[in-house]
Amino acid sequence: MDRMMQIMTGMQEKLISVESRCKQLEVKCNSLENKLTAKMDKTIKHQEYNVMLLRNQNWNYSAPIHSIEYWMDGGYDLEEAEYLLQTSEYLKHLTKTIRRGEFTIEEEKGIDFGLDADGPIFDWNVSDRLLPHWTEFAEALKQFNPVLGVLPDDCENSFGLHHAQLSTEARNLLKDALMETHFKGLFFTQDRSRRYGPGGLSVDSIFDIVDSNTQLQELDINGYFVDNIQITKICSSVHRHPYLFDLSLSNCFGDGLGDEMLDSLLTNSEFKLQRLAIRFNGITSRGITLLSEFLATDPPLKCLEIDGNDLGDNDAESLGNALRRNTTLRRLNLFNNESITDMGRKSLSLALNDDRSLNSVSDSNHNCYIVGVGISWNGSPAWCTIRTWDINDLRKKTEMNRALKFGRFLHCRNESMTNVQHFNGIDVKILPNMIVVVQRYWNSYLPVNSLSIVYEVMRKWEKVFPLYNLEGGNTDDT
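Let me sum up the structure you'll find in this document. Per chain, residues are indexed from 1 in the order of the written sequence. For this predicted model, a pLDDT threshold of at least 70 governs which residues receive local features, and a threshold of 80 or more governs which side-chain atom pairs are given and counted, while totals over whole chains, interfaces and linings are taken from all residues. Side-chain metrics in this entry use all non-hydrogen atoms of the structure; hydrogen atoms and water are not considered.

1. Description of the overall build of the protein
- Secondary structure summary: the protein contains 19 helices and nine strands in total.
- When a residue's accessible area, from a 1.4 Å probe over protein chains only, is under 20% of the maximum for its type it is buried; when over 50% it is exposed; and in between it is partly exposed. For the protein, buried positions account for 46% of its 478 residues.
- If you take every contact in the protein between residues at least 6 apart in sequence, the share linking residues at least 24 apart comes to 81%. The way it works is that DSSP assigns letters per residue, a run of H or I at least four long becomes a helix, a run of E at least two long becomes a strand, and they are numbered from the N terminus. Throughout, a contact is declared for two residues whenever any of their heavy atoms are within 4.5 Å.

2. Looking at the pattern of salt bridges
- Any Lys or Arg side-chain nitrogen located within 4 Å of an Asp or Glu carboxyl oxygen qualifies as a salt bridge. Counted under the stated rule, the structure contains 15 salt bridges.
- The salt bridge involving Asp-246 is made with Arg-275; its shortest N-O contact spans 2.6 Å. Of the two residues, Asp-246 is situated in strand E5 (residues 246-250) and Arg-275 in strand E6 (residues 275-277); the sequence distance between them amounts to 29 residues.
- Linking Arg-356 and Asp-354 is a salt bridge whose minimum nitrogen-to-oxygen distance equals 2.4 Å.

3. A few points about the nonpolar core
- As used in this record, nonpolar core signifies buried Ala, Val, Leu, Ile, Met, Phe, Trp, Tyr and Cys residues forming a set joined through side-chain atoms within 4.5 Å. One finds Trp-134 and Phe-159 to be the most contacted residues of the largest nonpolar core, which totals 93 residues.
- The element best represented in this core is helix H3 (residues 78-99), accounting for six residues.
- Not counting residues within four places of it along the chain, the set of residues in contact with Trp-134 comprises Leu-91, Phe-113, Leu-161, Ala-164, Leu-166, Ala-170 and Leu-174.
- Counting residues in each nonpolar core, the second largest holds seven residues, with Phe-245, Cys-303, Tyr-369 and Trp-383 among its members.

4. Side note on the side chain of Ser-158
- Summarising the element assignment, Ser-158 is placed in strand E2 (residues 158-162).
- Sequence-distant contacts of Ser-158, defined by excluding residues within four places in its chain, comprise Lys-109, Gly-110, Ile-111, Phe-183, Gly-185 and Phe-187.

5. Focus on the side chain of Asn-367
- Mapped onto the secondary structure, Asn-367 falls in the loop between helix H14 (358-362) and strand E9 (369-371).
- Asn-367 gets classed as buried once you look at its relative accessible area, which sits at 11%.
- Apart from residues no more than four positions distant in its own chain, Asn-367 is found in contact with Asn-326, Thr-327, Leu-329, Arg-330 and Thr-398.

6. Digging into the packing of helix H8 (residues 203-212) against helix H9 (residues 228-240)
- Here H8 crosses H9 at 15°, and the two axes come no closer than 10 Å. It follows that H8 is roughly parallel to H9 by the angle criterion. Read as a crossing pair, H8 and H9 show a hand that is left-handed. Facing Val-203, Asp-204, Phe-207, Asp-208, Val-210 and Asp-211 of H8, the residues of H9 in contact are Gln-230, Lys-233, Ile-234, Ser-237, Val-238 and Arg-240.
- Note that Gly is not counted as nonpolar here; it falls among the polar residues with everything else outside the nonpolar set of Ala, Val, Leu, Ile, Met, Phe, Trp, Tyr, Cys and Pro and the charged set of Asp, Glu, Lys and Arg. Of the residues assigned to the contact of H8 with H9, the class counts are five nonpolar, two polar and five charged. Fitting a line to C-alpha atoms yields each axis, with helices limited to the stretch in contact; the angle taken between N-to-C directions then spans 0 to 180 degrees. Orientation labels follow simple angle bins: below 35 degrees gives roughly parallel, above 145 gives roughly antiparallel, 65 to 115 gives roughly perpendicular, and whatever is left gives oblique. Crossings are assigned a handedness: left-handed for a near helix turned anticlockwise from the far helix by less than a right angle, right-handed for a clockwise turn.

7. Concerning the packing of aromatic side chains
- The aromatic pairing rule takes the rings of Phe, Tyr and Trp, using the six-membered ring of Trp, and pairs them if the centres are within 6.5 Å, calling planes under 30 degrees apart stacked, those over 60 edge-to-face and the rest tilted. A complete count under the given rule lists 12 aromatic pairs for this structure.
- On the basis of an interplanar angle of 85° and a centroid distance of 6.2 Å, the ring pair of Trp-59 and Tyr-61 is categorised as edge-to-face. As far as the burial class goes, Trp-59 and Tyr-61 line up, both buried.
- Where Phe-271 meets Phe-294, the ring centres are 4.8 Å apart and the plane angle is 75°; that geometry is what we call edge-to-face. Of this pair, Phe-271 sits in the loop between helix H10 (257-266) and E6 while Phe-294 is found in helix H11 (residues 285-295), placing the two residues 23 residues apart along the sequence.

8. Some words on the environment of Asn-268
- In this fold, Asn-268 is placed in the loop between H10 and E6.
- For Asn-268, a relative accessible area of 26% gives the class partly exposed.
- Along the primary structure Asn-268 and Ser-236 are separated by 32 residues, whereas in three dimensions their C-alpha atoms are 9.6 Å apart.
- Polar contacts, as counted here, are pairs of nitrogen or oxygen atoms within 3.5 Å of one another; within protein the pair requires one atom able to donate a hydrogen and one able to accept it, and residues that are adjacent in sequence qualify only if both atoms are side-chain atoms. Within polar-contact distance, the side chain of Asn-268 engages the side chain of His-239 at 3.4 Å.

9. Thoughts on the pairing of strand E3 (residues 185-189)
- Burial within E3 is extensive, with four of its five residues counted as buried.
- Across five bridges, the pairing between E2 and E3 is parallel. In the strand pairing of E3, Leu-161 is matched with Phe-188.
- When DSSP finds at least two bridges between two strands, those strands are taken to pair. Sheet topology places E3 next to strand E4 (residues 218-222); five bridges connect them, and they run parallel. Its bridge partner being in E4, Phe-187 is matched across the sheet by Asp-220.

Geometry only, nothing functional implied.
Set out below in structure tokens:
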């Protein structure tokens, strides 16, 4: 019987070993399968890219380029004729670049169409004459996906359309092309005064494109007039999109609609944006209250840009109170809010560095950088810099900010040799850390000789421990 039990135990151990080995082999097979699939996918994408290049070798630009004299003979004035010639030549240049499989802004991997923001506004008749050129441009965009496919996965790419004057047909052509070509970034700019007549793509068309593009990560819309009905469509698209994390809506709202936009955007549980820029949109105190309550919940938002909204001291105080409870926001942009006075700046500054005591310094917000209102605490890195920080970088920046504030606090009181008398209520364990902070950062960041603070604390060391009523403490031996 014992022999049978030993055999059964041995078989059971072997079975467990075989099952473990099978699981290991399954993991390995899945890994090899994923690598093979990725390699095949990469090979297919390169083949598609090469086919595109070969096909475009036999392509010719078919839209005619007419001279100024041609257009003026057709009844257009000099300004209109110059616009038609220059824009048709510009579109031809962009189209030929795209057909070669190249970006029009190579260093940024972007395709960008941009006209002078202060240029004249032409009527539909002029815009209609450019339709053959927009047709060529749109067809070139449609076959550009293979170029995007061979880029490294972490490579950003974008499309921009700025101050265009499109006919209705051209808008439809461009919308269809962008729904087939999936850029990671989309940038649209126009003058808000151009609500009627030729202009850029409509807001509805832009968000149809957003819905069709699963690769989109960044969307920037500037100067488009957004009405109340479109707010629902915008928020729905943003909340549903799987990868869109960067949204900028500047100079798009009026008559309190900026607050309505925030209400619809922030009160949805699917909010996942890391950057929100809502500049020059007439945000009122109601909108700031919404933002403050939202920030206090520690959302995923890392960058908030609300410059140009005529915010005041009460708004600054509300944001400051929210920052005391927020640990996720890394950058707050408040430029061009001239109604924020020294009182508002003080509220914001105290949120970042409440220097009334070491405890209040420690409890301050060490994560956020505020720019635009003259607050120097924590410096002012750009969003593009913050985006590249990983978890370790974030932790290091936070620790360094906290350490520098301790150092500045100690430096100010070191000038009058009063640090020790303010140690009451401070955890005794923090004292060695304070000395380490001063020694580590003083040379590069702090305007103080570290030895001065170390000397002050050590010289008064016998006065430190009685502050904490330590039982059994022998200050003579310290």
